[in-house]
Amino acid sequence: MNIQGGCLSTRVLPDRGRQLEQRRECGAVERQLQQRGVELEHEHRCAPGERQRPEARRLRAAGQCLSFGASVLTYPVKDQQTAAASSRARKWLLVIIQMPITHSDLFARIIDFDNLWSAYLAARKGKRYRREVAEFGVNLEENLINIHNHLVWGSWEPGRPRSFTVFEPKRRDIQAPPFADRIVHHALVRVVEPLFERRFIHHSYACRTGKGAQRAVWALQRMLRTAHRNWQAPYVVKADIKSYFASIRHDVLFTAIERVVSCKDTLDLWKRITAGYGHDGVGLPVGALTSQLAANVMLDQLDHAMTDCEGVGRYVRYMDDFIIVAPDKAAAWRALNAAADTVAGLGLALNPKTKIIPAKCGVDFCGYRTWATHILPRKRNMRKARRMFRRMVRQYAAGQIPLQYVQQRVASFLAYTKHCSADLSVRSILGDAVFIKGE
């Protein structure tokens, strides 16, 4: 008997017996297993720190995931059957398979002209006076139709990126795609991002609408306060992925993506973007919009492994940096070992700087040092700001920078410090910066 509704299918596999009797006897078993499913769902949604989840751990070990993959639960009928059930049903096996929800027919929405127009506006936002954006807008309709036609016929290829290197806070090689490519990136992300967004955990804060670094810090502080109330000496795991964007394997990434997206044309386009800009098999272009979504999809598997399988209740992640708050040092080590195993299974590795510290020492995360009682700015950020303002004083005096540039930097500095206790530092740094224009 096959019962299908949505993504749930129930199959009864008898080894003998009449079909009518099988249906009657399995009806009672099915109702009992549906109740068991409700209980499992309740366990899945309960407070993560209360219990471990053996069902979720078994599914994860089998290569399945409660968020992306199929969950398969098997129960012998003889353990669930009522006293009136026939002895002929004792060898039956009832298998409940919850198949992953995949989405097809997405490509038509991606190449729709209205979507391309919206993607153009999104890619242009804040950059409309740049040279390449202005040149694209001279023949706007013709250029958008050209992109549309190339996508329809499958002949679109990534353009040549603009490569450069940044050194703050550390060396990074950036590949900035041309403006026409960024329109295609926005068109793709506008369609597929909502499909993944509903699967992400709440405490993933990077490159998501309504999230961000400030909210990640506030969430961490709430976790620290709760931990200090409930536990005597909580510990914190502070970890990140070594060379994250440069180490992402495309085969592992698209295995996760294909659990959600089954549209062949959409996957081909996404793979073409990922493999473009000098990356073949490993690594993502840091300057591409699709790389931000792909990076979140990759580590969403880590998020669910820690929260669903390991029962870590106080977990927060910002891109490749994640924090785990544990009740004691032993629990922190167990969580770190579980995270290391999961990361290794994704073809990645933890940074050697990963460490376990007492929560009372504060946590350096997302640009701030966070305690349960207060938040302070990161020391190296304040030293960098002091050097920057001293340099700007000299440049302004020499007439090398306008006053508007100075005002923008001051506003950015104040926006950073207003979320933490930094009044004395702000007064000291800005008090020393006196801007006098030279003759």
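None of the values given here were measured: they were computed from a predicted structure.

Draft legend 1. Focus on the sheet that holds strand β13 (residues 375-377). Strand order in this open sheet of three strands is β11-β12-β13, and the pairing throughout is antiparallel. Every other strand in the sheet has two partners, leaving β11 (363-365) and β13 as the edge strands with one partner each. Strand-to-strand twist in this sheet, taken as the mean axis angle between neighbours without regard to direction, amounts to 30°. With three bridges connecting them, β11 and strand β12 (residues 368-370) associate as antiparallel partners. Across the sheet, residue V363 finds its bridge partner in β12, namely T370.

Draft legend 2. Region of the structure containing the confidence of the model for the protein. Across the protein, the average pLDDT comes to 82, with 77% of residues at or above 70. Of the regions scoring below 50 in pLDDT, residues 1-16 engages in 41 contacts with residues more than four places distant in sequence or in other chains. Low pLDDT, under 50, characterises residues 58-98; the stretch is placed with 105 contacts to residues that sit more than four places away or in other chains.

Draft legend 3. Up close: the pairing of strand β8 (residues 315-318). Note: β8 against strand β9 (residues 321-326), four bridges, orientation antiparallel. Across the sheet, Y318 pairs through a bridge with D321, a residue of β9. The antiparallel pairing of β8 with β9 creates a hairpin that spans two residues between the two strands, and M319 there sits at a positive phi of about 55°.

Cut-offs applied
Residues numbered from 1 in each chain as written. Predicted model: local features only at pLDDT ≥ 70, side-chain atom pairs only at ≥ 80, totals over all residues. Heavy atoms only, no water. Pairing = 2+ DSSP bridges. Helix = DSSP H or I, 4+ residues; strand = E, 2+ residues; numbered from the N terminus. Axes fitted to C-alpha atoms, helices over the stretch in contact; angles between N-to-C directions. pLDDT = per-residue confidence, 0-100. Contact = heavy atoms within 4.5 Å.

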